[in-house]
Every structure is written in C-alpha cells, then in structure tokens.
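Coordinate analysis (summary)
Each chain, written out:
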Amino acid sequence: MAQTAAPATAVPAITPISLKAIAPWALFFGILMLVLLYFVGAEQGATAVISGESVHEWVHDGRHLLGFPCH
C-alpha cells in the first residue's frame, strides 16, 4: 500500500455567528432589497418618487428580466 508524504493538516474550528451579530446586516440588506425592488418594479407613473423618465430608463431591462410590465 502506498504511503502519502503530505503531513496531515488540522481543520480549523468553525465558530458560530450569533443572531445578534447578523441581525443588523440582515435588516440593512433587507431594506436595500426592498428599495431596489421598488425602483425596478414600481418607480413609474402615479407612485413615482422621482419625476421624469430617468429612473425608468436606467432599470428598464431589469424590469423585463424580472417580469414587471412597463409598457
């Protein structure tokens, strides 16, 4: 039987991350995703926060990719 020349390496211990440490980041990214979803999905017409068509033009392809109708 063949012997390997490589020494055995120790696997580093994985320490769990507490929910208290993850919660602010989860909240931040959740709010960020809701804002992005609003701008891609609803920033047009009567619900527009920013007037004009500039936001619509920037997210136009994303709207179609995600299945939002826009015209």
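As shown above, the structure is provided for reference.
Attention in this report is confined to the structure presented alongside it. (Residues numbered from 1 in each chain as written. Predicted model: local features only at pLDDT ≥ 70, side-chain atom pairs only at ≥ 80, totals over all residues. Heavy atoms only, no water.)

1. Observations regarding a nonpolar patch on the surface
Here is the rule: Residues qualify for a patch when their relative accessible area is over 30% and they have no salt bridge, like charges being joined within 9 Å and the nonpolar side chains of Val, Leu, Ile, Met, Phe, Trp and Tyr within 5 Å. All accessible-area figures derive from a Shrake-Rupley calculation using a 1.4 Å probe, and residue coverage is judged against the displayed protein chains alone. The salt bridge definition used is simple: a Lys or Arg side-chain nitrogen within 4 Å of an Asp or Glu carboxyl oxygen. Here a strand is any run of E in DSSP of at least two residues, a helix any run of H or I of at least four, and the numbering for each starts at the N terminus.
Together, Trp-25, Phe-28, Phe-29, Leu-32, Met-33 and Leu-36 give the surface a local cluster of nonpolar side chains, amounting to about 630 Å² of exposed area. Structurally, the position occupied by Trp-25 is in helix H1 (residues 19-41).

2. Side note on the packing of H1 against helix H2 (residues 54-66)
Which entries qualify depends on this criterion: Inter-axis angles, ranging from 0 to 180 degrees, are taken between N-to-C directions of lines fitted to C-alpha atoms, where helices are fitted over the stretch in contact. Roughly parallel covers angles under 35 degrees, roughly antiparallel covers those over 145, roughly perpendicular covers 65 to 115, and oblique covers all other angles. Throughout, a residue-residue contact means that at least one pair of heavy atoms, one from each residue, lies within 4.5 Å. Under the scheme applied, nonpolar residues are Ala, Val, Leu, Ile, Met, Phe, Trp, Tyr, Cys and Pro; charged residues are Asp, Glu, Lys and Arg; polar residues are all the others, including Gly.
Between H1 and H2, the least distance of the axes is 8 Å, while the angle of their chain directions is 95°. Between H1 and H2, the crossing angle belongs to the class labelled roughly perpendicular. Where H1 abuts H2, its residues Phe-39, Val-40 and Gly-41 lie against Val-55, Val-59, Gly-62, Arg-63 and Leu-66. In terms of residue class, the contact of H1 with H2 is built from five nonpolar, two polar and one charged.

3. Some words on the packing of aromatic side chains
Spelled out, the test is: Note on aromatic contacts: the rings of Phe and Tyr and the six-membered ring of Trp form a pair at centre separations within 6.5 Å, being stacked when their planes are under 30 degrees apart, edge-to-face when over 60 apart, and tilted otherwise. Each residue is assigned to one of three classes by its accessible area relative to the maximum for its type, calculated with a 1.4 Å probe on protein chains only: buried under 20%, partly exposed between the two thresholds, exposed over 50%.
One pass over the full model with this rule turns up three aromatic pairs. For the ring pair Trp-25 and Phe-28, a centre distance of 6.4 Å and an interplane angle of 90° mean the geometry is edge-to-face. Separated by three residues within a single helix, Trp-25 and Phe-28 lie in helix H1, roughly one turn from each other. Judged by its relative accessible area of 56%, Trp-25 falls in the exposed class. For Phe-28, a relative accessible area of 46% puts it in the partly exposed group. With 5.1 Å between their ring centres and 70° between their planes, Phe-28 and Phe-29 make a pair best called edge-to-face. Here the aromatic cluster, defined as three or more aromatic residues joined through ring pairs, consists of Trp-25, Phe-28 and Phe-29.

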